[in-house]
Amino acid sequence: MNSTIELIKQISDANGISGFEDEVLQVIRSNAKDLGAFSEDCMRNLYLEKKDNVEGKPVVMLDAHTDEVGFMVKAIRPDGQLEFINIGGWVVTNIPAHQVRVQNRFGKYIPGVVASKPPHFMSEAERKAPLDITNLVIDVGASSKEEIENDFCIDIAAPVVPEVSCTYDEKHDLLVGKAFDNRLGCASIVETFKRLEGEKLNVNVIGAFASQEEVGTRGATVTVNHVKPDIAICFEGCPADDTVVAEYQRQTCIKHGPMLRHIDARMITNPRFQRFALNLAKELNIPCQSAVRTGGATDGAPIHLGALGVPCIVIGIPVRYAHTHYGISSLSDFNNGVKLAIEIIKRLDKDIIGGF
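The present account deals with the structure reproduced in this document. Quick caveat, the model's predicted, so the values are computed rather than measured. (Residues numbered from 1 in each chain as written. Predicted model: local features only at pLDDT ≥ 70, side-chain atom pairs only at ≥ 80, totals over all residues. Heavy atoms only, no water.)

1. As for the environment of G300
For clarity, the cut-off: The helix count covers DSSP runs of H or I at least four residues long, the strand count covers runs of E at least two residues long, and both are numbered beginning at the N terminus. The criterion used for residue contact is that any of the two residues' heavy atoms lie within 4.5 Å.
Checked against the element boundaries, G300 lands in helix α8 (residues 300–304). Expressed as a C-alpha distance, the spacing of G300 and R266, which sit 34 residues apart in the sequence, is 8.3 Å. Residue contacts for G300: discarding those within four places in its chain leaves C234, M267 and C312.

2. Let's talk about helix α2 (residues 22–31)
Heads up, the condition is: Throughout this description, buried means an accessible area under 20% of the type-specific maximum (1.4 Å probe, protein chains only), exposed means over 50%, and partly exposed covers the range between. Directions drawn from the helix axis to the C-beta atoms are what define this arc.
Here α2 has its buried residues at V24, L25, V27 and I28. Down the axis, α2 shows its buried residues gathered within 160 degrees of arc, on one side only. Among the structural elements, α1 (3–13), β1 (36–40), β2 (46–50), α5 (180–195) and β12 (204–210) are those in contact with the buried residues of α2.

3. A look at the packing of aromatic side chains
Geometry of an aromatic ring pair is reported as the spacing of the ring centres plus the angle between the planes. Rules: Note on aromatic contacts: the rings of Phe and Tyr and the six-membered ring of Trp form a pair at centre separations within 6.5 Å, being stacked when their planes are under 30 degrees apart, edge-to-face when over 60 apart, and tilted otherwise.
Inspection of the entire model under this criterion finds four aromatic pairs. Counting every residue linked through ring pairs, the aromatic cluster contains F71, F84 and W90.

4. Some remarks on the packing of α1 against α5
Put simply, the rule reads: Lines fitted to the C-alpha atoms define the axes, with helices restricted to the stretch that makes contact. Angles between their N-to-C directions range from 0 to 180 degrees. Any angle that is under 35 degrees is reported as roughly parallel, and any over 145 degrees as roughly antiparallel; angles of 65 to 115 degrees are reported as roughly perpendicular and all others as oblique. Should the near helix be turned anticlockwise from the far one by less than a right angle, the crossing is termed left-handed; should it be turned clockwise, right-handed. Side-chain classes are defined by residue name, with Ala, Val, Leu, Ile, Met, Phe, Trp, Tyr, Cys and Pro counting as nonpolar, Asp, Glu, Lys and Arg as charged, and the others, Gly among them, as polar.
For the pair α1 and α5, the least separation of the axes is 9 Å and the interaxial angle reads 140 degrees. Considering the angle they form, α1 stands oblique to α5. Handedness of the α1/α5 crossing: right-handed. The segment α1 lies against α5, with T4, L7, I8, I11 and S12 engaging F180, R183, L184, C186, A187, V190, E191 and R195. Partitioning the contact of α1 with α5 into residue classes produces eight nonpolar, two polar and three charged.

5. Observations regarding the sheet that holds strand β17 (residues 327–329)
Inclusion rule: Only strands that DSSP links by at least two bridges are regarded as paired with each other.
Spatially, three strands are ordered β10-β11-β17 in an open sheet, and the strand pairing comes out antiparallel. The sheet is open, and its two borders are formed by β10 (167–169) and β17, each paired with just one other strand. Between one strand axis and the next, the sheet turns through 20 degrees on average, direction left out of account.

6. Things to note about the sheet that holds strand β3 (residues 59–65)
Read from one edge of the open sheet, eight strands run β1-β2-β12-β3-β13-β16-β14-β15, paired in mixed fashion. Edge positions in the sheet fall to β1 and β15 (289–292), since each of these pairs with one other strand and no more. Ignoring strand direction, the axes of neighbouring strands in this sheet form an average angle of 25 degrees. When strand β14 (residues 259–263) meets β15, the two strands line up parallel, connected through four bridges. Bridge assignment links M259 to a residue of β15, and that residue is Q289. Across the face of the sheet, α2 comes into contact with β1, β2 and β12 while running at roughly 165 degrees to β1. The strands that α5 touches are β2, β3, β12, β13 (231–239) and β16 (312–319); relative to β3, the one it contacts most, it runs at about 145 degrees.

7. Some thoughts on unusual backbone geometry
Between D181 and the following residue, N182, the backbone shows a cis peptide bond with an omega angle of 10 degrees. Its location among the elements puts N182 in helix α5. Although it is not a glycine, D173 sits at a positive phi angle of roughly 55 degrees. With respect to the element layout, D173 can be found in the loop between β10 and β11 (174–177).

8. A word on the pairing of β11
On β11, burial follows the alternation: L175 and G177 on one face are buried, whereas L174 and V176 on the facing-out side are not. As paired elements, β10 and β11 share three bridges and run antiparallel to each other. Its bridge partner lying in β11, T167 is registered against V176. Where β10 folds back on β11, the antiparallel hairpin that results is connected by four residues, among which D173 adopts a positive phi of roughly 55 degrees. When β11 meets β17, the two strands line up antiparallel, connected through three bridges. Paired with G177 across the strands is G327, a residue of β17.

9. Topic: the pattern of salt bridges
The test is simple: Each reported salt bridge corresponds to a side-chain nitrogen of Lys or Arg within 4 Å of a carboxyl oxygen of Asp or Glu.
Overall, the coordinates contain 19 salt bridges when judged by the stated rule. In this structure, the salt-bridge partner of E163 is R101, at a minimum N-O distance of 3.0 Å. Taken as a pair, E163 in the loop between β9 (159–162) and β10 and R101 in strand β6 (residues 99–103) lie far apart in primary sequence, 62 residues in all. E163 gets classed as partly exposed once you look at its relative accessible area, which sits at 27%. For R195, the salt bridge identified is with E191, shortest N-O distance 3.1 Å. Separated by four residues within a single helix, R195 and E191 lie in helix α5, roughly one turn from each other. Accessibility expressed as a relative area gives 33% for R195, which makes it partly exposed. Note on E191: relative accessible area 6%, which makes it buried.

10. Some words on α1
Filter applied, for reference: Pairs of N or O atoms within 3.5 Å make up the polar contacts considered here, provided that, within protein, one atom can donate a hydrogen while the other can accept it, and that residues adjacent in sequence are counted only when both atoms are side-chain atoms.
Among the residues of α1, those classed as buried are T4, I5, L7, I8, K9, I11 and S12. On its buried face, α1 is in contact with α2, β10, β11, α5 and α9 (331–347). Measuring from the backbone nitrogen of T4 back to the side-chain oxygen at the start of α1 gives 2.7 Å, which picks out N2 as the cap.

Right under this line is the structure:
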């Protein structure tokens, strides 16, 4: 299997809602152990410093967040059903009738199903009522609270992730899997490091794999102050819009290259760095899209406000149906995002960064 595809599959399949990203970090460490020196902080932010960095050069921070949207057990009912809350943004109607994995107190993931009252037992009013997450439970097959606690060893606050395995359809260049927001970004950092091996650069490169983005970009608030970068590139799995808006409004289509957003709810992208990246993509014939977004946010929000301000762009890999069990993306978009980042890094120096 193509090593890039295998990297994406391993990182996508790893379990890790916000605050519980340990397994994701293990996979990243395993795949990048020869690419530089790792360190962590108490928030489980993971840092990878390129092995040939030299003191005194400007620092480029490559950001991606390790967490995924998921759920957490809120309470255990007497009949063994698990009440839960969402971690990160979900549309409630996308949640039921899917399989999940519930982590027990020993770290083992237990399979379960998101269930609701069967229609056979619903009143007319219940059938017509809007769906609320409080009407849903997770069923792991238990019949009592005692069985949940003693046999399944599941406690309240247990993290829950979608039960999905990543696949790749080579004929149609389609990846399908969970957590592409933002495991595609994590894989992008590792792949960028791999492809930069042996390159003589005028900058130092540090990868920052940030925790807890889906609950308020919390990890990156710490990473930017730890790394103190001179410039930053955020890799993201961005919601694709090619199936949900009119054709003339489409700005994030799969198989059309990475998307660079000019603005979102929490960041106006540095226009000089943004133009540098877009012009370079055009010059090198790297497929690329640009977008104006009125909502959403990325780790770029805290990063661009770090220190005295950090020039920052977001290279987004389009993901259809982000924040659901199944995302759809294109490997070509992933590769073109990595290629663009590499070409940017190879051209950066103190003078160019100072001009942003």
